[in-house]
Amino acid sequence: MTFFILIRQELFERKQQLMTSFLTILLGVAAIVSINSITSSSQTAIRKELERLGANVLILPKDATVQNYYTADIESGELPEAYVAKLSNSGIHGMDNLSPKLSTKFEAEGQSFILTGILPKNEIRSKALWQGSDLFAPAALSTEICPTVDLQSKATGDKLLTTKRMVDKLEKDQVFVGSETASLLDITQGSTLNIKGTDFVVAAVLPPSGTVDDSRVFAHLHTVQALLDKPGKINVVEVIGCCQKIFEGLVPKINALLPDAKVVTIGHVVETQLKTNQMMEKISWIFLVLIILVGGAGIANFMYANVNARKKEIGTLMALGAGSKFVLKLFFGKALILGFTGGIGGYVTGTILAMTLGPYIAHIPVYPSIGLLGMAILISVSIAFLASFLPARKAALVDPCIAFREV
Amino acid sequence: MLEMIDVHVNYSMKGQTVKALDGVSLAIESGDFLAVVGPSGSGKSTFLQSLGGMLSPAKGRVRMDGTSLYDLSADHRAAMRKKHVGFVFQTFNLLPYLTAKQNVQVPLLLNGEAPDKQAEKAVELLDKVGLMDRLNHKPSELSSGQQQRVALARMLANNPRVVFADEPTGTLDPETGSQVIGFLKELNSEGRTIVMVTHNPKAADQASRCIRLVEGRITDA
């Protein structure tokens, strides 16, 4: 007989008790894993929602102000478009999207408007509101991938035309018009708009966003550069920065890379993102601690009761000459087997529960997290160990007859 | 040689202290067969447990071949029991989830014997107590007499010099009880020291020496 056989025989002798202990651990861990998965996915979903607030870092010419940025004051200076590539290749972490722009004012029907040159692929990633509108085919508008996929099979009719134009190319004679501008100029899709002596076809009227974009007209960046005779020039790079990274010093890093540019954060956006992310993180931790306490209490209670019920056997083994280390090893071996198998079972059950219930409860997709498997096993084994350790140690340190008498 | 020197053992029961052993002193020579008799609650089992290194006294010393048992740590006492002492309990104390053979293997496992050697020796001992046909039966599948014989085989596994038997015939029919007493006599004839607690006068008569305990004191030695 070996040590392992001794543990195995004890475990399998009472199959009902084995199943109860296994299920107790499994359900405790499943609760921990499922709630943590849903909370974690909610956090990710909220972070993505926050991206709808748009850019939170602006890279402007040295002498420009934020006011210049909003009023498209082209006289405030320029930056080379090559800065975008320089930023992309810099290895600085925390810049989710770079959106270069060149803006200018123009007159139409006696009123002043702003024409902004954009790179469609970059712009689409920073405009979550546009992505959510009916204007674009959702399948093509992942925030993770530049939408260069062929949309022929996923959209039809006018929508295909609009989407395809927007996503893949914005012709040099095409513009998108903000809703407010379209209303003031009474123009619709297909209308012609004269800007600084050049006629442009309105490819689409953007849905209202409640931002300055509603009063702007968008053309391809290179078209605007040609129109203003400023090839390779821009006057802002809008950056969607990871708010935590901004907090950790993203701005000084960009400043160091581009010393002749001015880097400013849009305070209220960063503050909102940071506060929300921190709040979500705290809530996640509170949930995790609570659920570990609740799930862990069930596991601990069972293991504690199990060791207490074995005191007569502990006493017998000690009477036969077993030392305290042997007794502790016996119960630790059992805790390890139950904790490990219960942890894996709990992870699988909890993940399936979260993936099934997440979309119904939190209206978010939940994906399996391999990282949680390690956590699940660690938690279940640790709790089983701790809960076994206290009564087993107590029993192992007393005289065998005391162990008998306490039965 | 076993010695008890002014041993006191107290229990706390419902807030009151009960004297289980009240200044017991005794010497037992090696190879002796001692029977301990007395009424229920007189401290017989406490005497046996304390003498066997399983229950620490409140006061006094217990020596085994000159070594003071309770001056050792609990783990060292366990090592002494493993090496020199065998116990037979009234309720057998077999591990319910192990077979007869595996129960006999437990002391050998504790002693670090290889599994095949354990199995070989366990079969030999169970053969000695007449249980060759019950090797793979669990305690719940054995009669009381068979369980006590498994306990005897287990007790012998480490070849102890001293055997402590607490009411070994208490739950057995007279015939099986006689067999167990005969077995203990045989062990004594091999030179082992036997200390047996019993209510059974016939069993006590088989011992070479008998003491009587009343209210935790030796009244007849």
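Basis of the calculations
- Residues numbered from 1 in each chain as written.
- Chains lettered and ligands numbered in written order.
- Predicted model: local features only at pLDDT ≥ 70, side-chain atom pairs only at ≥ 80, totals over all residues.
- Heavy atoms only, no water.
- Helix = DSSP H or I, 4+ residues; strand = E, 2+ residues; numbered from the N terminus.
- Buried < 20%, exposed > 50% of the residue type's maximum accessible area, 1.4 Å probe, protein only.
- Areas by Shrake-Rupley, 256 points an atom, 1.4 Å probe, with all protein chains shown as cover.
- Pairing = 2+ DSSP bridges.
- Contact = heavy atoms within 4.5 Å.
- Buried area = accessible area lost by both parts, 1.4 Å probe.
- Salt bridge = Lys/Arg side-chain N within 4 Å of Asp/Glu carboxyl O.
- Polar contact = N/O pair within 3.5 Å; in protein donor to acceptor, adjacent residues only side chain to side chain.
- Nonpolar A, V, L, I, M, F, W, Y, C, P; charged D, E, K, R; others polar.
- Axes fitted to C-alpha atoms, helices over the stretch in contact; angles between N-to-C directions.
- Expected span 1.5 Å × (residues − 1).
- Lys, Arg positive; Asp, Glu negative; His and termini not counted.
- Patch = residues over 30% accessible without salt bridge, like charges linked within 9 Å, V, L, I, M, F, W, Y side chains within 5 Å.
- Parallel < 35°, antiparallel > 145°, perpendicular 65-115°, else oblique.
- Left-handed = near helix turned anticlockwise from the far one by under 90°.

**Some words on the overall build of chain A**
Scanning chain A from terminus to terminus reveals 16 helices and eleven strands. Sorting the 407 residues of chain A into buried and exposed places 51% on the buried side. When the accessible area of chain A is evaluated, it comes to approximately 18,800 Å², of which 61% is carbon and sulfur surface.

**What to know about the overall build of chain B**
The helix and strand tally for chain B stands at seven helices and ten strands. Total accessible area on chain B stands at roughly 9,500 Å², and carbon and sulfur atoms take up 46% of it.

**A look at the sheet that holds strand 1 (residues 2–13) of chain B**
Residue and element names in this part refer to chain B. Taken in spatial order, the four strands line up as 2-1-4-5 in an open sheet, and their pairing is antiparallel. The sheet terminates laterally at strand 2 (16–28) and strand 5 (67–68), the two strands that pair on one side only. Both strand 1 and strand 2 contribute to a ladder of ten bridges, which runs antiparallel. Among the inter-strand pairings, V9 is bridged to a residue of strand 2, identified as L21.

**Details of the interface of chain A and chain B**
The interface is formed by 28 residues belonging to chain A together with 28 residues belonging to chain B. Carbon and sulfur atoms supply 61% of the area buried between chain A and chain B, which totals about 2,600 Å² over both sides. Among the residues of chain A in contact with chain B, M1, L320 and D399 of chain A are the three that bury the most area, contributing 28% of the side total. The interface formed by chain A and chain B contains one salt bridge. In this structure, the salt-bridge partner of D399 of chain A is R77 of chain B, at a minimum N-O distance of 3.0 Å. One can count seven residue pairs in polar contact (both at pLDDT 80 or more) joining chain A with chain B. Elements with a minimum of two residues in the side of chain A that touches chain B: helix 1 (3–13), helix 13 (311–319), helix 14 (324–361) and helix 16 (400–405) of chain A. Looking at the side of chain A that touches chain B, its residues break down into 15 nonpolar, six polar and seven charged.

**Focus on the sheet that holds strand 10 (residues 217–220) of chain B**
All names here are of chain B. Read across the sheet, six strands follow the order 6-7-8-3-9-10 without closing on themselves; strand pairing throughout is mixed. Of all strands in the sheet, those bounded by a partner on one side alone are strand 6 (85–88) and strand 10. In this sheet, neighbouring strand axes are inclined to one another by 25° on average, regardless of whether the strands run parallel or antiparallel. Pairing of strand 3 (residues 33–37) with strand 8 (residues 193–197) involves four bridges; the strand directions are parallel. Within the sheet, the bridge partner assigned to L34 lies in strand 8 and is V195.

**Comments concerning helix 6 (residues 174–189) of chain B**
Helix length check: helix 6 of chain B (16 residues) gives 22 Å between terminal C-alpha atoms against 22 Å at 1.5 Å per residue, within 8%. Two to three positions downstream of the cap, the backbone nitrogen of E175 of chain B sits 3.1 Å from a side-chain oxygen, assigning the N-cap of helix 6 of chain B to D173 of chain B.

**Some points on the pairing of strand 8 (residues 216–220) of chain A**
Residue and element names in this part refer to chain A. Of all the five residues making up strand 8, five are buried; the element is thus mostly covered by neighbouring parts of the structure. In terms of strand pairing, strand 4 (residues 111–118) meets strand 8 through five bridges, oriented parallel. Across the sheet, the residue bridging to G117 is A219, located in strand 8. Note that strand 5 (residues 174–177) and strand 8 share three bridges and pair antiparallel. Its bridge partner being in strand 8, V175 is matched across the sheet by A219.

**Looking at the environment of L330 of chain A**
All names here are of chain A. Mapped onto the secondary structure, L330 falls in helix 14. Taking the C-alpha atoms as reference points, L330 and I7, 323 residues apart in sequence, are found 6.6 Å from one another. Ignoring anything within four residues of it in the chain, the contact list for L330 reads F3, L6, I7 and L317.

**Focus on the side chain of E167 of chain B**
Residue and element names in this part refer to chain B. Summarising the element assignment, E167 is placed in the loop between strand 7 (162–166) and helix 6. Of the buried charged residues, E167 lacks a salt bridge, with K44 as the closest side chain of opposite charge at 4.6 Å. Beyond its immediate chain neighbours, meaning those up to four positions away, E167 contacts K44, Q90, V197, T198 and H199.

**Observations regarding unusual backbone geometry**
One non-glycine residue, D186 of chain A, lies in positive phi territory at about 55°. With respect to the helices and strands, D186 of chain A occurs in the loop between helix 8 (179–185) and strand 6 (192–195). At D6 of chain B, a position not held by glycine, the phi torsion is positive, near 50°. When you line up the elements, D6 of chain B lands in strand 1.

**Topic: a nonpolar patch on the surface**
On the surface, a cluster of nonpolar side chains totalling about 640 Å² of accessible area is made up of W285, I286, V289, L290, L293 and V294 of chain A. Within the secondary structure, W285 of chain A sits in helix 12 (residues 267–309).

**Considering the packing of helix 3 (residues 100–110) of chain B against helix 4 (residues 115–128) of chain B**
Residues and elements named next belong to chain B. The interhelical angle for the contact between helix 3 and helix 4, taken along N-to-C directions, is 125°, at an axis separation of 8 Å. Here helix 4 runs oblique to helix 3, going by the angle between their axes. Judged by the sense of rotation from one axis to the other, the crossing of helix 3 with helix 4 is right-handed. Across from A100, K101, V104, Q105, L108 and L109 in helix 3, the residues of helix 4 making contact are P115, Q118, A119, K121, A122, V123, L125 and L126. In the contact of helix 3 with helix 4, the residues fall into ten nonpolar, two polar and two charged.

**Quick look at the pattern of salt bridges**
This structure, assessed with the given rule, holds twelve salt bridges over all chains. The salt bridge involving E10 of chain A is made with K334 of chain A; its shortest N-O contact spans 3.2 Å. In this pair, E10 of chain A is assigned in helix 1 and K334 of chain A in helix 14, connecting sequence segments 324 residues apart. As far as the burial class goes, E10 of chain A and K334 of chain A line up, both buried. The salt bridge involving E190 of chain B is made with K128 of chain B; its shortest N-O contact spans 3.9 Å. Of this pair, E190 of chain B sits in the loop between helix 6 and strand 8 while K128 of chain B sits in helix 4, and the two are 62 residues apart along the sequence.

Note that every value here comes from positions in space, so none of it alone points to a role or purpose.
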